[in-house]
Amino acid sequence: MTEPDVPEPDVTEPDVTEPDVLDLWERSVREHAEGPALVTPHRVLTYRDADRLTDAWAAFLAERGAGPGELVGLAFGDPARTVLGMLAALKAGAGFTVLDDRLPPAARTALVARTAAAVWLGDGAHAPEGAHVPAGEPDAAAPARRGRRAGGSDVAYVLFTSGSTGRPKGTVIERDALRRFASAVASRLELTAHDRWLQVASLGFDVLIEEVFPAFAAGAAVVCREDTRALDAEELHIALARTRSTVVELSTQYWLEYARWLDGSGTATPETLRTVVVGGERMDPVPYRRWQARQPAALAHVYGLTECTVSSTFYTGLLPSDAEEVPLGTALRDVEISIRQDGRPVPDGATGEIHIGGPLLARGFLDDEEATARRFVPDPYAARPDARVYRTGDLGRIGPDGQLVFLGRVDDQVKIRGHRLEPARVERALCEGGGVGQAVVFPDPQTGTVLWAFTVPADPATAPLPGEAVRLTGADRDALVAPLEAQLPDWAVPRVLYRVSVLPKNPHGKVDKRRLAAWAAAASGTPAAGTPAPAPVTAPVTAPVTEAAGTGQEPLGTVLALFREVLDAPALGPDDNFFDHGGQSLLALRLLARLRESQPAAAGLRASALFTAPTPRLLADALAGRAVAHP
């Protein structure tokens, strides 16, 4: 079968008068040609190597229709190839989009259709049909040929975020915004060619942009893992030390797990690690101060949104002892932060909605003019007649020291494990499945890392007594969760579900989530949030269950006690499923870390082991088997 005729790309001389994001890359290639650009477990690509390889990839893309205004889709399971694909797409004059391998098949298919990419690159199991895999090495004999030079207002990338309509929003970032962002972050973090930034974010998450382009702008190296599997705290520590990484960016909850592991093991951050960038959720001042007092690596607390090209503010100072909040910091170069009420700026110190302006704003949402007009609004207070601001929906104030402070949400949008979510999207999905008349979804009050769902049955005869919350398990739970898992990413699926007779209201007419949490606490026999909690378990305690695991080597009670501790579920039984009782990736990391403290057989066990051994009994059996195999 012959290839269809493709119009010859325009290879006229580029307009060098307009700066481009590739100028930053080309400067690093000139100044650091033999320095490492991309470090993988199997190979180190210098800037010269990576430049030649991505030139060849860019020619491959241009021959297949990629160019200014077009998108290149990336669906690799390999982070390094994803980074190379991003750079190659920009060299072809096109933008890129990255397909998250965690999305269910139906959601992936929908996103592929919406992006209408000119060409897809990828070899992952989630890659769409017809995706290409370009040659691993350039042909030295063939002259490199790129696509047309793109303008600053051409698309650089499109990444998708959750939306209240039930359809993820595609955020369109232009090349000039990416150029300015990369340069500003490199400057703020004082990156140099000696830095190595460890890439750990999910490939569909906008933090990937921050891990890659500021490093390239500074001539630094991006350190890639072999795959996209999540690292637990100990694995992260080993990877940082082994790769001599100097910078890493972690979500707030992931950072807390790492900090907890460091404290528990009496370990300091690796000698080479100089900065840990943390953001995504509200930060508690207590662990922040503890880190700053104990760990040599500095913290950079960041705040930003996909619609504003990742991070907009950075805080890198020592937190004062009397600070009640960890500041979000001050604005990056080219970012304008203002606090407004009803669209009008308020004086410093007053509370209002955080608005972000400046040239780092996205063009808008892909094929959604209504949502774009609603969130990106004209700024009548700016000197430029065409200036816009983005309404973040976050409440904040600017303190006397000029630092931005986060004070909550204007609406009900929440953040789960670093991802923004409109609960209404999940609530509608619960009600669409049948059998549910009403639903409310919110993060668990204790940790904020797991979604709870309270449902009112469509048939009143199946409702519990007023004031009671019945925990759904087994087939009842599966009937509600299975349809959600088919259309939502894992972090957006409620893992703890209750059935109630009514959704109680507070005096303002809104659902009283505090009362629902109290009903849930009464059902499980645990105190509600805000009441004194029992003292934490400091060492594995054998529960009343004295039955041993199958081989007789590992007491089931020890494992069961840790399940109960991590899940905060004192009534959990030996055959209860970790994921049915609120378990998720971060809690799995915590469970494995606790096991390693006292069980030698847990050494080297990955959190993914819980997918095959999700109950205390199965995991105890697995540990006993490892103990026999490796005495």
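Structure shown above.
A few points on the structure. (Residues numbered from 1 in each chain as written. Predicted model: local features only at pLDDT ≥ 70, side-chain atom pairs only at ≥ 80, totals over all residues. Heavy atoms only, no water.)

**Side note on the nonpolar core**
Note the cut-off: For this analysis, a nonpolar core means a set of buried residues of the types Ala, Val, Leu, Ile, Met, Phe, Trp, Tyr and Cys, connected via side-chain atoms within 4.5 Å. Exposure classes here rest on a 1.4 Å probe applied to the protein chains alone. A residue is buried below 20% of its type maximum, exposed above 50%, and partly exposed in between. The contact criterion used throughout is that any non-hydrogen atoms of two residues lie within 4.5 Å.
In terms of nonpolar packing, the biggest core is built from 84 residues, with Leu61, Val72, Phe96, Tyr157, Ile209 and Phe213 touching the most fellow members. Non-local contacts of phenylalanine 213, meaning those with residues more than four positions away in its chain, are made with Met86, Leu90, Phe96, Leu178 and Ala182. Residues Leu256, Leu556, Leu586 and Leu605 belong to the second largest nonpolar core, which totals 75 residues.

**Some remarks on the environment of glutamate 26**
Spelled out, the test is: Numbering of helices and strands runs from the N terminus, with a helix taken as a DSSP run of H or I at least four residues long and a strand as a DSSP run of E at least two residues long.
With respect to the helices, strands and loops of the structure, glutamate 26 is situated in helix α1 (residues 21-31). For the pair glutamate 26 and alanine 217, spaced 191 residues apart in the sequence, the C-alpha separation amounts to 8.9 Å.

**Some thoughts on empty space enclosed by the protein**
Which entries qualify depends on this criterion: The rule is simple: put a 1 Å grid over the protein atoms alone, call a set of points where a 1.4 Å probe fits but cannot get out a cavity, call an open set with protein on both sides within 12 Å along at least five of seven lines a pocket, and count a residue as lining if it has an atom within 4 Å of a point. Grid points are joined across faces, edges and corners, and a volume is the space filled by probe spheres set on the points. Note on residue categories: nonpolar means Ala, Val, Leu, Ile, Met, Phe, Trp, Tyr, Cys or Pro, charged means Asp, Glu, Lys or Arg, and polar means any other residue, Gly included.
Summed over all chains, the structure comprises two cavities of 30 Å³ or more. Roughly 70 Å³ of internal volume is contained in the largest cavity. Taken together, Val21, Leu22, Leu24, Trp25, Leu87, Leu90, Ala182, Phe213, Phe216 and Ala217 make up the full set of residues lining the largest cavity. Going through the elements one at a time, α1, α3 (79-91) and α6 (207-218) are the ones with two or more residues in the lining of the largest cavity. Broken down by element, the residue count for the lining of the largest cavity peaks at four residues, all from α1. Grouping the constituent residues of the lining of the largest cavity by class yields 10 nonpolar, no polar and no charged.

**Quick look at the pairing of strand β7 (residues 169-174)**
Note the cut-off: Paired strands are those between which DSSP finds at least two bridges.
Extensive coverage of β7 is indicated by the burial of five of its six residues. When strand β6 (residues 155-161) meets β7, the two strands line up antiparallel, connected through six bridges. The residue of β7 that forms the bridge with tyrosine 157 is isoleucine 173. Direction of pairing for β7 relative to strand β18 (residues 364-365): antiparallel, over a ladder of two bridges. What sits directly across from threonine 171, in β18, is phenylalanine 365.

**Brief notes about helix α7 (residues 233-242)**
Note the following rule: By the criterion applied in these results, polar contacts are pairs of N or O atoms within 3.5 Å in which, for protein atoms, one can donate a hydrogen and the other can accept it, and in which residues neighboring in sequence qualify only through two side-chain atoms.
Inspection of α7 places Ala233, Glu235, Leu236, His237, Ala239 and Leu240 among the buried residues, and these make up the whole buried set. Looking at the packing, one finds that the buried side of α7 touches β8 (196-198), β10 (247-251) and α8 (252-265). You can read the cap of α7 off the contacts: a side-chain oxygen lies 3.2 Å from the backbone nitrogen of glutamate 234, and it is on aspartate 232. Among the residues trailing α7, arginine 244 stands out with phi positive, at a value near 55°.

**Focus on the sheet that holds strand β26 (residues 470-471)**
In spatial order, the strands read β24-β25-β27-β26; together these four strands make up an open sheet with mixed pairing. Only two strands of the sheet have a single neighbouring strand rather than two, namely β24 (436-443) and β26. In this sheet, strand β27 (residues 496-499) lies alongside β26 in antiparallel orientation, the contact comprising two bridges. Across the sheet, residue valine 470 finds its bridge partner in β27, namely arginine 499.

**So, the sheet that holds strand β12 (residues 298-305)**
Our working definition: Only the contacting stretch of a helix is used when fitting its axis, a line to C-alpha atoms as for every element, and angles between N-to-C directions run 0 to 180 degrees.
Here we have nine strands laid out as an open sheet, ordered β2-β1-β9-β8-β10-β11-β12-β13-β14, and mixed in their pairing. The open sheet has two edge strands with one neighbour each: β2 (44-46) and β14 (330-331). In terms of strand pairing, β8 meets strand β9 (residues 221-223) through three bridges, oriented parallel. Bridge pairing in β9 places arginine 196 opposite alanine 221. In this fold helix α2 (residues 47-63) packs onto β1 (36-39) and β2, with an angle of close to 85° to the strand it touches most, β2.

**Overview of α6**
Rules: For a helix, the expected span equals 1.5 Å multiplied by the residue count minus one.
Helix length check: α6, at 12 residues, gives a terminal C-alpha distance of 17 Å against a target of 16 Å (1.5 Å per residue), a fit within 8%. Along α6, 12 of the 12 residues are buried, which leaves the element largely enclosed by surrounding structure. Those residues of α6 not exposed but buried are Val207, Leu208, Ile209, Glu210, Glu211, Val212, Phe213, Pro214, Ala215, Phe216, Ala217 and Ala218. The first or second residue beyond α6 is glycine 219, which carries a positive phi of 75°.

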